[in-house]
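A structural walkthrough
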Amino acid sequence: MLTVDEIVARVLAYNPEADLDLLARAYRFAEVAHIDQRRRSGEPYFTHPLAVVETLLGLELDIPTLCAALLHDTVEDTPTSLNELAHAFGEEVTTLVDGVTKVELLAEATPSERRASNLRKIVEAMVGDLRVALIKVADRLHNMRTLGVMRPEKQARIAAETRDIYLPIAMGLGLGSIYPELAELSYAILHQEEYDEIRACFDYAHERVRERGESFVAELKEKLAPRFPETRIDYRPCLAHEVARIHRTLGEPIERVAHILRVTVAPPHDDDCYPVLGLVHALRHPVLGRFKDYIATPRSNHYRALHTRLRGIRGCTIRVRILSESMDQVAQRGVTCRWSYKRGADERPADFARRMHWLHELQEAQMATLTSDEFLEMARDTLAADRIHPVTPRGDVLNLPRGATLLDFACAIHTDLAYHCAGGRVDGRRVGRDHILATGDLVEVLTDEQVTPAPSWLTHVRTPHARRLLREQLRARKRERTIAIGSDRLRSALGMHDATGKDLAAHPEAQAAARRLGIANVETLLARLGSGRLSIKRLIAAIGEEVAGEGAPPACILLGEANSRLYHLAHCCRPLAGDDVIAFLSQRDGIIVHRRACHHAVRRAVDVEEVVPVQWQSETALGGRVGVVVEMRNEPGALAAVCGRIGEYGGNILRSRTLGVGRRFGSAHFDIEVRNLNHLHHLLDALRTETVVVSAERV
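Moving on to the overall build of the protein chain. A count of helical and extended segments in the protein chain gives 30 helices and 20 strands. Burial statistics for the protein chain: of 699 residues in total, 49% are counted as buried. Look at the contacts in the protein chain between residues 6 or more apart in sequence, and 66% of them connect residues 24 or more apart. Roughly 33600 Å² of accessible area belongs to the protein chain as shown, and the carbon and sulfur atoms make up 50% of that amount.

This is how it looks when you write it as structure tokens:
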């Protein structure tokens, strides 16, 4: 076991100004608290917090973190309370211990739900202080090292949790000194047969790798010596989990993958990496398409290096990574290199956490409405080492998970691009919203104001940010549609045909009805009315019989058994009283009334079971909004003449847009509010008599 003197000596090596008294007191406190406890293996329990501290010493962490690591099980496994810790060691240490303890407090649930709940709590704790996650990862590493004494089913459960939660966290934090061992230990348990098969190949393969490694390193040192004599060169064979991943990804035989040689070349300075790459490629032919530049485009965990593959002797593959000594420190220690405890914190852990892109994505994944399995999958995608870096037309480089689409790209830039994305261009080539991007793609998003999000768009995105944006917009649009339907129903029931949605919000009878029904405001009343949660009969009863009697009767009467159901007029064809209409039963929206000539109605009319009999009660009772397309001559003042004629005959233009303009003719679409069907006919006849108008038709 580590003694307190050994811990103090190692701390002084990287932080001479450390508060050693606090560390010594935490050591003695934890030793006494666990004095009578034993681990399942029979060892004193205190060996566990010491092993966690030893791992964190390798990351050169500060005194509060080391103290919290020594004390991290005292609240959960001993009678010690948080108040006692706060009194003895202060608020900072106690907060870290509390964060680690809370992570383990899980309710009874399925394994997937438990893992998702655990990960959510870790993310929440990380947002407050990254050091909580560092302690948890170190804690899990020692637990995995000593897992052999557990029952096989418990080993499998803990290994699966390690794979789904702690491996992604370790990767996201950039802990290269911890991640490989953690991955190897979990793989050995979860895939024991495959692991044993790979290990059987290692006895022979590793001897060959050692011979090739010594030979290649000698050649490379001789090549680099004249210009980079201080360059450090290491080599190692692949680990079992790396062999399995390469085997599954590339389909190469396990025996061949086991012979892959991994070489690390570490020149002293950052500027030396690219010249060293040139010398490495001069020594051996590189494998085309296998070069990755993580210096120009670092991974999300700030890992920076050059990766290349070389053709070795007798067909073997050599995987080389080139990174400076400072880059290697980041590769091994990850985020802990971003703040220094030797001279006081250059950047506090909480401040650094706010700049971690992947942590923000995990926070957004928490806010999104996801199942446990979806959240775990989203977290794995977010924390994956492989990221892509597409480029905007202005030259900005985005950091997205592999598999991200054009729609993810649009959501990452601006909501307007996302909500009106009509496709885009990648390197000048036209692509759709679901096009999967790659590193280096020059991406331009194309927009169209007529294009709006649809539920199917959710299948085109990978990032939690994009999923949350689209869901919020879809909910907002659904509410707008529901309020519009509620407004139509209220006007139809009470004869308020000239009132707009804004007028309804201030309508005294509607406000009185909302109060009597216990509804906060008229907008919520309209939303409930539009969704069918509030019936017309109940609304009229709330307004009062006298007021209801003064209003005009409903414009439609639904015949047969459906006459008590809520209905509304279709927005695609906007029927007016007197139109030849047909109605269909919708499970979501109730009964929808269409003009019989509407193309939606023609398509649905084949299903007789959906058709509901309907007739007009009054042909002058209902006006509304209609669409009119006017084709006119392309000459000065034509559009003004058309608009003037519409206003002259009492039409209210709600919206207009140009459909197309040629050399001689042009056309425009108008949304016009009319009083009834006769009013529309008079208006169209008046437009057709205008000299600049070629045709005027309702759509």
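From this point on, the discussion continues.
In this section: helix 15 (residues 273-283). All of the buried residues in helix 15 are Cys-273, Val-276, Leu-277, Leu-279, Val-280 and Leu-283. All buried residues of helix 15 lie within an arc of 165° about the axis, which places them on one face of the element. Elements that come into contact with the buried residues of helix 15 comprise helix 12 (192-224), strand 2 (261-266), strand 4 (306-311), strand 5 (317-322) and helix 16 (325-333).

Another aspect to go through is the pattern of salt bridges. Within the structure shown, the criterion is met by 31 salt bridges. A salt bridge links Asp-164 to Arg-163; the nearest nitrogen and oxygen atoms lie 3.1 Å apart. Taking the relative accessible area as the measure of exposure, Asp-164 reaches 6% and is therefore buried. A salt bridge links Arg-232 to Asp-234, with the shortest nitrogen-to-oxygen separation between them at 2.3 Å. What makes Arg-232 partly exposed here is its relative accessible area of 26%.

On to the nonpolar core, then. Formed by 66 residues in total, the largest nonpolar core has its most connected members in Ile-7, Val-11, Leu-23, Leu-56, Leu-66, Leu-70 and Leu-173. Take this core: its biggest share by element is nine residues, from helix 9 (residues 130-145). Apart from the residues lying within four places of it in its own chain, the contact partners of Val-11 are Ala-18, Leu-20, Leu-23, Leu-57, Ile-63 and Leu-66. Of all hydrophobic cores here, the second largest spans 28 residues; its members include Val-217, Leu-220, Phe-228 and Ile-322.

This part is about the packing of aromatic side chains. Counted under the stated rule, the structure contains four aromatic pairs. Between Tyr-27 and Phe-46 the ring centres are 5.1 Å apart and the planes differ by 80°, which places this aromatic pair in the edge-to-face class. Of the two residues, Tyr-27 is situated in helix 2 (residues 20-33) and Phe-46 in the loop between helix 2 and helix 3 (47-58); the sequence distance between them amounts to 19 residues. Both residues of the pair, Tyr-27 and Phe-46, belong to the buried class.

Moving on, we come to unusual backbone geometry. Backbone geometry at Glu-60 places phi at a positive 55°, although glycine is not the residue there. On the secondary structure map, Glu-60 appears in the loop between helix 3 and helix 4 (63-71). By relative accessible area, Glu-60 is classed as partly exposed at 23%. Positioned with a positive phi, Asp-427 is a non-glycine residue whose angle comes to about 55°. Along the chain, the position of Asp-427 falls in the loop between strand 8 (421-426) and strand 9 (429-431).

Looking now at the environment of Arg-163. Inspection of the secondary structure assignment puts Arg-163 in helix 10 (residues 152-172). Arg-163 sits in the partly exposed class, given a relative accessible area of 37%. The spacing of Arg-163 and Tyr-187 is 24 residues in sequence and 8.1 Å in space, taken between C-alpha atoms. Setting aside anything within four residues of it in sequence, one finds Arg-163 in contact with Pro-168 and Leu-190. In terms of polar contacts, Arg-163 uses its side chain to reach the side chain of Asp-164, at 3.1 Å.

Right, let's talk about the sheet that holds strand 4 for a bit. Taken together, five strands build an open sheet; the order of strands is 1-2-5-4-3 and the sheet is mixed. The open sheet has two free edges, formed respectively by strand 1 (232-237) and strand 3 (292-293), since each of these has just one partner strand. Looking at chain direction, strand 2 and strand 5 are connected through five bridges and run parallel. Along strand 5, the bridge assignment pairs Thr-264 with Arg-321.

So, how was this worked out
- Along each chain, residue indices are assigned from 1 in the same order as the chain's sequence is written.
- For this predicted model, a pLDDT threshold of at least 70 governs which residues receive local features, and a threshold of 80 or more governs which side-chain atom pairs are given and counted, while totals over whole chains, interfaces and linings are taken from all residues.
- Values reported for side chains reflect all heavy atoms of the structure, with hydrogen atoms and water molecules removed beforehand.
- Put simply, DSSP marks the helices as runs of H or I at least four residues long and the strands as runs of E at least two long, and each gets a number from the N terminus on.
- Relative accessibility under 20% of the residue-type maximum defines a buried residue, over 50% an exposed one, and the middle range a partly exposed one, all with a 1.4 Å probe and only protein chains included.
- Contact between two residues is taken to exist if any of their heavy atoms lie within 4.5 Å; hydrogens are not considered.
- Under the convention used here, a 1.4 Å probe and the Shrake-Rupley method define accessible areas, while residue burial counts only the protein chains that appear.
- Regarding the arc, it is the one traced by the directions from the helix axis to the C-beta atoms.
- Here, a salt bridge means any side-chain nitrogen of Lys or Arg that lies within 4 Å of a carboxyl oxygen of Asp or Glu.
- To qualify as a nonpolar core, a set must consist of buried Ala, Val, Leu, Ile, Met, Phe, Trp, Tyr and Cys residues joined through side-chain atoms within 4.5 Å.
- Paired rings are identified among Phe, Tyr and Trp, the last through its six-membered ring, by centres lying within 6.5 Å, and are further divided according to the angle between planes into stacked (under 30 degrees), edge-to-face (over 60) and tilted (the rest).
- Polar contacts, as counted here, are pairs of nitrogen or oxygen atoms within 3.5 Å of one another; within protein the pair requires one atom able to donate a hydrogen and one able to accept it, and residues that are adjacent in sequence qualify only if both atoms are side-chain atoms.
- By definition, two strands form a pair when at least two bridges between them are found by DSSP.

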